[in-house]
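Chain by chain, the residues run as shown.
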Amino acid sequence: MMNVKICSALIFSWSCVFAAQEASAPVPAKPVSVENEPLHHVVLKNESVVVIHLTLPRGERTLYHIHSHDRVAVPLSSTSITQQVLNEKEGPPSPSEPGTFSALTLPGASYTHRVHNVGTNPYDVLDVELLARPQSPSPVTAARVAAENPSARIYNWVLAPGSASAMHTHARPYLILAVSGFTLKMTAPDGQSGTHEIKRGDFHWVDTKVTHTLSNAGSAEGQILEIELK
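Treat the numbers as computed from the prediction; the structure is a model and nothing was measured. (Residues numbered from 1 in each chain as written. Predicted model: local features only at pLDDT ≥ 70, side-chain atom pairs only at ≥ 80, totals over all residues. Heavy atoms only, no water.)

1. Describing the overall build of the protein chain
The cut-off we apply is this: Under the DSSP-based scheme used, a helix requires at least four consecutive residues in state H or I and a strand at least two consecutive residues in state E, with every element numbered from the N terminus. Burial status follows relative accessibility: with a 1.4 Å probe on protein chains alone, a residue under 20% of its type maximum counts as buried, one over 50% as exposed, and anything between as partly exposed. By definition in these notes, contact holds between two residues if any of their heavy atoms fall within 4.5 Å. Computed by Shrake-Rupley with a 1.4 Å probe, the accessible areas treat only the displayed protein chains as cover when residues are assessed.
A tally of regular secondary structure across the protein chain gives one helix and 19 strands. Expressed as a percentage of its 230 residues, the buried residues of the protein chain come to 39%. Sequence separation of 24 or more characterises 74% of the internal contacts of the protein chain that already satisfy a separation of 6 or more. Counting every atom, the protein chain has about 12,400 Å² of accessible surface; 56% of that belongs to carbon and sulfur.

This is the structure:
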């Protein structure tokens, strides 16, 4: 009889321990919009796009945050990250490297996740949120569409020293973004040109029709993205 009582007491005490542990387990913070996530910083916002800069220290996670638009993600550092969709398990590690980019389509009304930097360097990335999908996409005006989603096309120009892109026209607003630092020369059809020393992560919003070539006037390879609204 004593053994039964002892066993019952032990079972009760362990149940209390488990209940206490469960009660004290951290509850995930309520998801916030990506613009309000503390490590995401808005660096440009207009009626067409929001450009957000995230620097995530190694070992850290963002809060769960909500994306409500198609977007383009442009990594600026080398590390490894995982992503965890709300109410799902954390995904496997994936590399993040400068020179890569992703044209992401919103899978539904919204997308909620958090990011974990499991690499050895800070995770540095520019996230370009595209605020409106067009009812009818504009025609392609350059030969090299490297990626696209329902809201934008990405033109990717990797330029060796002294080389130039084809002459091309942007009939729609676009964001020009430096994936690497170099000396960029832009030339119009009439021969007028301008030269700019650009750094990795520099960007500029253009909302007028432009026809130009992009060339590398420096001594090291450069890479430029043009994210053009459809």
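2. With respect to the sheet that holds strand β15 (residues 182-187)
The cut-off we apply is this: One requirement defines pairing of two strands: DSSP has to find at least two bridges between them. Note on geometry: axes are C-alpha line fits, over the in-contact stretch for helices, and angles between N-to-C directions span 0 to 180 degrees.
In space, the four strands of this open sheet follow the order β13-β18-β15-β16, with antiparallel pairing throughout. Of all strands in the sheet, those bounded by a partner on one side alone are β13 (168-170) and β16 (193-198). Neighbour-to-neighbour, the strand axes of the sheet open up by a mean angle of 35°, direction not taken into account. Note: β15 against strand β18 (residues 210-216), four bridges, orientation antiparallel. By the bridge assignment for β18, lysine 185 is matched with serine 215.

3. Some points on the pairing of strand β19 (residues 222-229)
In terms of residue burial, β19 counts as a mostly covered element, since eight of its eight residues are buried. Burial along β19 is two-sided: the face carrying Gly222, Ile224, Glu226 and Glu228 and the face carrying Gln223, Leu225, Ile227 and Leu229 are both buried. Alignment of strand β14 (residues 174-178) against β19, held across five bridges, turns out to be antiparallel. Paired with alanine 178 across the bridge in β19 is isoleucine 224.

4. What about the sheet that holds strand β3 (residues 49-56)?
Taken in spatial order, the five strands line up as β2-β3-β10-β5-β8 in an open sheet, and their pairing is antiparallel. The open sheet is flanked by β2 (40-45) and β8 (102-104), the only strands paired with a single partner. The mean inter-strand angle of the sheet, taken between neighbouring strand axes irrespective of direction, is 20°. Where strand β5 (residues 71-75) meets strand β10 (residues 123-130), five bridges bridge the pair, whose relative direction is antiparallel. If you follow proline 75 over to β10, its bridge partner there is valine 125.

5. A few points about the pattern of salt bridges
Stated precisely, the cut-off is as follows: The salt bridge criterion pairs a side-chain nitrogen of Lys or Arg with a carboxyl oxygen of Asp or Glu, the two atoms within 4 Å.
In this structure the tally under the stated criterion is seven salt bridges. Here aspartate 70 makes a salt bridge to arginine 133, at a shortest N to O gap of 2.7 Å. Taken together, the residues aspartate 70 in the loop between β4 (65-67) and β5 and arginine 133 in the loop between β10 and β11 (145-148) connect sequence positions 63 residues apart. Two residues, arginine 153 and glutamate 148, come together in a salt bridge whose shortest N-O distance is 4.0 Å.

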